[in-house]
Amino acid sequence: MPKSVLVINCGSSSIKFALLLEDQDFRIHGLAENLGTPEARIKGVTVGNEPVDIHIPNAGHSEALEVGLSRLANYKPDAIGHRIVHGGTLTKAELITEDIIDTIRQATPLAPLHNPAHLVGIEATRRLFPDLPQVAVFDTAFHQTMPAHAYRYAVPKFLYTEHNVRRYGFHGTSHAYVSERGSELAGSLKQGGWLVAHLGNGSSTCAVWNGQSVDTSMGLTPLEGLVMGTRSGDVDPSMHSFLAKNLGWDIYKIDKMLNSQSGLLGLSDLSNDMRTLIEASEKGNEDAALAIEVFCYRLAKSLSALSCGLPRLDGLFFTGGIGENSAYIREKTLGYMPHFGFNLSKDGNNNLKRGTEGRIDNGTGPQIWVVPTDEEGRIAKETASVVQSGLGALTAKKSEAVSA
Ligand code: AMP
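Residues numbered from 1 in each chain as written. Predicted model: local features only at pLDDT ≥ 70, side-chain atom pairs only at ≥ 80, totals over all residues. Heavy atoms only, no water.

Enquirer: Hey, could you go over the overall build of the chain for me, with residue numbers and the actual values?
Expert: Along the chain, the regular secondary structure elements total 15 helices and 14 strands. Computed over its C-alpha atoms, the radius of gyration of the chain comes to 22 Å, within 12% of the 22 Å expected for a compact globule of 404 residues. Taking the principal axes of its C-alpha atoms as reference, the chain extends roughly 65 × 55 × 55 Å. Looking at the chain alone, contacts between residues at least 24 apart form 62% of all its contacts between residues at least 6 apart. Within the chain, the 44 negative side-chain charges are centred at a point lying 2 Å from the centre of the 37 positive side-chain charges. (Helix = DSSP H or I, 4+ residues; strand = E, 2+ residues; numbered from the N terminus. Rg over C-alpha atoms; globule rule 2.2 N^0.38 Å. Contact = heavy atoms within 4.5 Å. Lys, Arg positive; Asp, Glu negative; His and termini not counted. Charge placed at Lys NZ, Arg CZ, Asp CG, Glu CD.)

Have a look at this one:
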């Protein structure tokens, strides 16, 4: 079993990395940003919690990882786990082989910003650590248990059969962790029906029945569903042709508007950051107040819709930067769901300490919990388990060869 796992989340000009050590309750975190530019730098903390800020002008991914790991700790990883946004129809974490790299490449049209960056990260860590096992953990994998009536779009069949146009869902690592941890806290050990609201700069909901995702709000891409920081979430699909015909916009401009200029930012014309909007609305900014209202109403609508996928509703888990930290947003959202019998404890909700797990209903009706997400921890756990089963298979093969 690997004793330490390096978790890598690689973007086009940034890398978040964390070294997780078994049997130790600390982690070493780092962020390399502005890679490939004169402003490239690494920020993080050492094992002793000392802040690190190193300027590495023009460094690329490989160099940044090398510098970061050598400075952040004396610990060496035993295995590496990569967060991969799109894994097509792969259903679980996989040891990285040429075939898996091919699958990630083939899913690039479905995640054009993320998957190419992940491939750069894989190439860099393979060069730096040629002897270490590396595992791909996919954001889409947890949702592969969705039934066809949840993942198919009502468009011509050949778009699905020949071009893979279907709903995939994202944030799977977070939904998997939160639903498992939450149902453990609730004493139901993966049984029953739960809704998860992952609310951060990107946001999504998920319905989980007996530990498996049965529906989720994101679709072919992470644009579908909720109002997010800068993403619109659901719009009338005819908005595209309306904008093209009436404003002369091309598809790239429409895509950019829906992904980067919409959501909380677009509605408020102020910020994509929920804290800023709450402060502004308290000072009387009406656009900020409306953005918050739309966010909560649409979230309540999505949770209500997803409850159709559950034979029974046992409760709701809030997570992500907004879900974990904002009692105000949690209360407002539940205010838009009066028919489900949720009974929020005002004190429980308001007094929950930041970053902690806790139950916030008053003991009647479906349960309501705040469960801080731990995507890094989940990636490390899945990586360790894939490596362990790979080693097991290898040992079995070797002993077969010996007895033959
Ligand atoms: P994440 O993407 O999960 O890191 O979440 C980022 C979002 O969480 C941003 O919109 C932050 O404004 C929001 N957030 C963090 N702390 C709070 C808070 N105390 N109240 C409201 N929103 C918060």
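From this point, the discussion proceeds with the structure in view.
Enquirer: Give a detailed account of the pattern of salt bridges, specifying residues and quantitative values.
Expert: Oppositely charged side chains are able to pair whenever their charged atoms sit close together. Tallied over the entire structure, the rule returns 20 salt bridges. Across the pair Lys-92 and Glu-94 runs a salt bridge, and its minimum N-O distance is 3.2 Å. Of the residues examined, Lys-92 reaches a relative accessible area of 49% and is grouped as partly exposed. The partner of Arg-167 in a salt bridge is Asp-215, and the shortest N-O contact between them spans 3.1 Å. Placement of Arg-167 in the loop between α5 (157-161) and α6 (172-185) and of Asp-215 in strand β11 (residues 212-216) is noted, with a sequence separation of 48 residues between them. (Salt bridge = Lys/Arg side-chain N within 4 Å of Asp/Glu carboxyl O. Buried < 20%, exposed > 50% of the residue type's maximum accessible area, 1.4 Å probe, protein only.)

Enquirer: How would you explain the UniProt feature "active site" (unreviewed entry) in the chain if you had to name every residue and give the values?
Expert: Summarizing the sequence annotation, UniProt attributes the feature "active site" (unreviewed entry) to Asp-139 in the numbering used throughout. Mapped onto the fold, Asp-139 is located in the loop between β8 (134-138) and α4 (148-151). A residue is classified by how much of its surface remains accessible, and Asp-139, at 2% relative accessible area, is buried. Contacts of Asp-139, omitting those with residues within four sequence positions, involve Arg-83, Ile-84, Val-85, Gly-169, Phe-170, His-171, Gly-172 and Thr-173. (UniProt positions renumbered as here; feature names shortened; annotations may be inferred.)

Enquirer: Tell me about the UniProt feature "binding site: substrate" (unreviewed entry) in the chain, and please be specific about residues and values.
Expert: The residues that UniProt annotates with the feature "binding site: substrate" (unreviewed entry) are Arg-83. Structurally, the position occupied by Arg-83 is in strand β6 (residues 79-84). The exposure class of Arg-83 is buried, given its relative accessible area of 18%. If sequence neighbours within four positions are ignored, Arg-83 has contacts with Ile-8, Asn-9, His-118, Val-137, Asp-139 and Ile-379.

Enquirer: Could you give an account of the packing of helix α7 (residues 239-247) against helix α8 (residues 251-260), naming the residues involved and the relevant values?
Expert: For the pair α7 and α8, the least separation of the axes is 10 Å and the interaxial angle reads 125 degrees. The pairing of α7 with α8 is recorded here as oblique in orientation. Along this stretch, α7 crosses α8, giving a crossing that reads as right-handed. Note on element contacts: α8 touches α7 through Ile-251, Ile-254, Met-257 and Leu-258, opposite Met-239, His-240, Leu-243 and Ala-244. Broken down by class, the residue content of the contact of α7 with α8 amounts to seven nonpolar, one polar and no charged. (Axes fitted to C-alpha atoms, helices over the stretch in contact; angles between N-to-C directions. Parallel < 35°, antiparallel > 145°, perpendicular 65-115°, else oblique. Left-handed = near helix turned anticlockwise from the far one by under 90°. Nonpolar A, V, L, I, M, F, W, Y, C, P; charged D, E, K, R; others polar.)

Enquirer: Just give me the short version of the packing of helix α11 (residues 286-306) against helix α13 (residues 327-335), but keep the residues and values in it.
Expert: Relative to each other, α11 and α13 sit at 55 degrees, their axes nearing to 8 Å. In terms of axis orientation, α11 runs oblique to α13. The hand of the α11/α13 crossing is right-handed. Across the interface between the two elements, Ile-292, Glu-293, Phe-295, Cys-296, Leu-299, Ala-300 and Leu-303 of α11 pack against Tyr-328, Ile-329, Lys-332 and Thr-333 of α13.

Enquirer: Describe the environment of Ala-124, naming the residues involved and giving the relevant values.
Expert: Along the chain, the position of Ala-124 falls in helix α3 (residues 115-128). A relative accessible area of 2% means that Ala-124 is categorised as buried. Along the chain, Ala-124 and Asn-164 lie 40 residues apart, while their C-alpha atoms are 29 Å from each other. Contact partners of Ala-124, with chain neighbours within four places excluded, come to His-61, Ser-62 and Leu-65.

Enquirer: Describe the nonpolar core, with residues and values.
Expert: Among soluble globular proteins, nonpolar side chains are generally buried collectively. By size, the foremost hydrophobic cluster in this structure holds 32 residues, and its most contacted members are Leu-199, Met-274, Phe-295, Phe-318 and Ile-329. Counting residues per element, this core draws most heavily on α11, at nine residues. For Phe-295, the residues in contact, after removing those within four places along its chain, are Leu-199, Ser-203, Val-227, Leu-264, Met-274, Ile-322 and Ile-329. (Core = buried A, V, L, I, M, F, W, Y, C linked by side-chain atoms within 4.5 Å.)

Enquirer: Describe in detail the sheet that holds β8, supporting the description with residues and values.
Expert: Sheet strands line up and pair through hydrogen bonds in the backbone, either parallel or antiparallel. Pairing is mixed in the open sheet, where eight strands are placed in the order β5-β4-β3-β2-β1-β6-β8-β7. Of all strands in the sheet, those bounded by a partner on one side alone are β5 (51-55) and β7 (94-95). By the bridge criterion, five bridges tie strand β4 (residues 41-45) to β5 in an arrangement that is antiparallel. What sits directly across from Arg-41, in β5, is His-55. Sheet strands in contact with α3 are β1 (4-10), β6 and β8, and its direction is about 170 degrees off that of β6. (Pairing = 2+ DSSP bridges.)

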